[in-house]
Amino acid sequence: MINKNTQQVDLISVCVCTYKRPEMLTSALNALISQKKSESYFFEIIIVDNDFMRSSENTVNEFKNCTSLEIKYDCEPEQNIALARNRAVTNANGNLIAFIDDDEVPIKNWLCELYNTLKRNDADGVLGPVLPYYSDEAPEWIKKCNIIERKRFKTGTLIKSSRDTRTGNVLLVHSLFPEDKVWFDPAFGKTGGEDVDFFKRHLKTGREFVWCDEALAYETIPQDRWKCVYYIKRYFRAGTINGERIAKQNYLVTVRNFFKSMLGVIYWLAKFFFCLPLGKHVWFKAVLKISYFCGGVLSSFGISFLRERD
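Counting of residues starts from 1 at the beginning of each chain's written sequence and follows it residue by residue. Per-residue local features are limited, in this predicted model, to residues with pLDDT of at least 70; the limit for side-chain atom pairs, both in listing and counting, is 80 or more; totals at the level of whole chains, interfaces and linings are taken over all residues. Heavy atoms throughout the structure, all of them, feed into the side-chain values; hydrogens and water do not.

**Examining helix α1 (residues 22–33)**
Along its twelve residues, α1 runs 16 Å from first to last C-alpha, staying within 8% of the 16 Å computed at 1.5 Å per residue. Any residue under 20% of the maximum accessible area for its type is buried, any over 50% is exposed, and the rest in between are partly exposed; the area is computed with a 1.4 Å probe on protein chains only. Each helix corresponds to a stretch of at least 4 residues labelled H or I by DSSP, and each strand to a stretch of at least 2 residues labelled E; elements are numbered beginning at the N terminus. Inspection of α1 places M24, L25, A28, L29, A31, L32 and I33 among the buried residues, and these make up the whole buried set. By definition here, a helix of n residues has an expected span of 1.5 Å times n minus one.

**Quick notes on the side chain of N80**
Position of N80 among the secondary structure elements: in the loop between β4 (71–75) and α3 (81–91). The class of N80 is buried, set by a relative accessible area of 5%. Within the local environment of N80, its side chain forms a polar contact with the backbone nitrogen of A82, the two atoms lying 3.0 Å apart. Setting aside chain neighbours within four positions, we find N80 in contact with N50, P186 and G189. N or O atoms within 3.5 Å of each other form a polar contact, as long as, within protein, one can give a hydrogen and the other can take it, and as long as residues adjacent in sequence are counted only when both atoms are side-chain atoms. Residue contacts are counted whenever heavy atoms from the two residues lie within 4.5 Å of one another.

**Some remarks on the packing of aromatic side chains**
Each aromatic ring pair is summarised here by two numbers: the centre-to-centre distance and the angle between the ring planes. Between the rings of Phe, Tyr and Trp (Trp by its six-membered ring), a pair exists once the centres lie within 6.5 Å; its type follows the angle of the planes, with under 30 degrees stacked, over 60 edge-to-face, and the other angles tilted. The final tally for this structure, using the stated rule, is 18 aromatic pairs. With 5.2 Å between their ring centres and 65 degrees between their planes, F272 and F273 make a pair best called edge-to-face. We classify F272 as buried; its relative accessible area is 17%. For F273, a relative accessible area of 52% gives the class exposed. In this structure an aromatic cluster arises from ring pairing among F99, F177, W183, F184, F198, F199 and F209. A ring has a charge above it when a Lys NZ or an Arg CZ is no more than 6 Å from the ring centre and no more than 35 degrees off the ring normal. Seen from the ring of F99, R85 lies directly overhead, with NZ or CZ sitting 5.7 Å from the centre. We note K280 situated over the ring of W141; from NZ or CZ to the ring centre the distance is 4.3 Å.

**Quick look at the packing of helix α7 (residues 228–247) against helix α8 (residues 251–275)**
It is the contact of α7 with α8, at a shortest axis distance of 8 Å, that shows an interaxial angle of 150 degrees. Here α8 runs roughly antiparallel to α7, going by the angle between their axes. Contacts between α7 and α8 pair G243, I246 and A247 from the former with V253, T254 and N257 from the latter. Per-class residue counts for the contact of α7 with α8 are three nonpolar, three polar and no charged. Each axis is a line fitted through C-alpha atoms, taken for helices only over the stretch in contact, and angles between the N-to-C directions span 0 to 180 degrees. An angle counts as roughly parallel when it lies under 35 degrees, as roughly antiparallel when it exceeds 145, as roughly perpendicular when it falls between 65 and 115, and as oblique in every other case. Residue polarity is assigned by list, with Asp, Glu, Lys and Arg as charged and Ala, Val, Leu, Ile, Met, Phe, Trp, Tyr, Cys and Pro as nonpolar; anything else, Gly included, falls into the polar class.

**With respect to α3**
If you check which residues of α3 are buried, you get I81, A82, A84, R85, N86, A88 and V89. Of the residues flanking the start of α3, the one acting as N-cap is N80, its side-chain oxygen 3.0 Å from the backbone nitrogen of A82.

**Some points on the nonpolar core**
Throughout this description, the term nonpolar core refers to a set of buried Ala, Val, Leu, Ile, Met, Phe, Trp, Tyr and Cys residues connected via side-chain atoms within 4.5 Å. I12, V14, I45, I47, F99, W110 and F177 are the most contacted members of the largest nonpolar core, which has 59 residues in total. Look past the residues within four positions of I45 in its chain and what remains in contact with it is V14, L29, L32, I33, L69, E70, I71 and K72. Of all hydrophobic cores here, the second largest spans 21 residues; its members include A138, W226, F258 and L288.

**A look at a nonpolar patch on the surface**
Each patch is assembled from residues with relative accessible area greater than 30% and no salt bridge, linking like charges that lie within 9 Å and nonpolar side chains (Val, Leu, Ile, Met, Phe, Trp, Tyr) that lie within 5 Å. Here the accessible surface of atoms and residues is derived via Shrake-Rupley with a 1.4 Å probe, and residues count as covered only by protein chains that are part of the display. Any Lys or Arg side-chain nitrogen found within 4 Å of a carboxyl oxygen on Asp or Glu counts as a salt bridge. A grouping of M262, L263 and I266 is seen on the molecular surface, where their side chains present a nonpolar patch of about 290 Å² in accessible area. Along the chain, the position of I266 falls in helix α8.

**A word on the environment of N242**
Mapping N242 onto the fold places it in helix α7. Residue classification places N242 among the partly exposed positions, given a relative accessible area of 21%. Note: C-alpha distance between N242 and D51 (191 residues apart in sequence) is 28 Å.

**Here's the deal with the pairing of strand β5 (residues 96–100)**
In summary, the side chains of a regular strand alternate between the two faces of the sheet. Burial within β5 is extensive, with five of its five residues counted as buried. Residues L96, A98 and I100 of β5 are buried on one face, and the alternating residues I97 and F99, pointing to the opposite face, are buried as well. In this description, strands pair whenever DSSP reports at least two bridges between them. Here β5 pairs with strand β9 (residues 169–173) via five bridges, running antiparallel. Pairing of I97 across the sheet is with L172, part of β9.

**Here we look at the state of the cysteines**
When the sulfur atoms of two cysteines share a covalent bond, that bond is a disulfide. Sulfur atoms of two cysteines make up a disulfide when they are within 2.5 Å. For the coordinates displayed, the defined rule picks out zero disulfides. Residue C145 stays outside any disulfide, its sulfur separated by 8.8 Å from that of C228, the closest cysteine. The class for C145 is buried, based on a relative accessible area of 0%. The structure places no disulfide on C275, whose sulfur is separated from the nearest cysteine sulfur, that of C145, by 11 Å. Among the residues examined, C275 registers a relative accessible area of 7% and is labelled buried.

Below, the structure written as structure tokens:
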């Protein structure tokens, strides 16, 4: 926190982890350096490159030369998103920590909206919505399917479930990152879920997170994510990882998860055939549910594959 003219002014460290997406990072940085200014806080930008080849370093250096904002660049050579996030926090000087993904473009008053909501609610963190952005060439079925859009809430709503959390658009108090604790668990570094695990642990200790629906960010959906197989693998992986987590508990819980997953496969398979005449944007949702529950069935037997992100 900075003391300016005897007034306490907050410092926000905006963290961006990136991996081989310099063009998207350029759009994100353009939006960040154009953020609405405030007398209540300053902000710095922390870029952590998760590519050992440092493919985004030149992009970051170009921005350093054209803005008065403090921009830091660091590299996490091991490809692991949890390690990259941890390195970003280590580089941060702010008493507040913001995260936004390299493929997201926030609106001009994004940071201001998050900050005001944090202060108004005296919360430990604030999350905002991330909306998909498609080019004109994207197929209509994926736009109608809404498989990328997540649940939204009224501003000020208390977030009670870790299922509704993520680090793609969030502002957090620095006290959530004590030096003697694990922040983002590297065990999730290649499978994903390190952010949900982070919030789950803090929710259990009574930390409070609220929603700010005005703090919009737009996620660019590239062409390789217009394909069905991307989402099928994503849901299968989620079902597998959830099944593995359950299998670590006890035998009865594992058996119950197996039968629950089997019933899920049967139910959604029936629904798939029922939805076929309604169009791809309808029946594909059933395919994703089948994929999720298939992952749960196999992981009940200790069979796990497609665990890691592409």
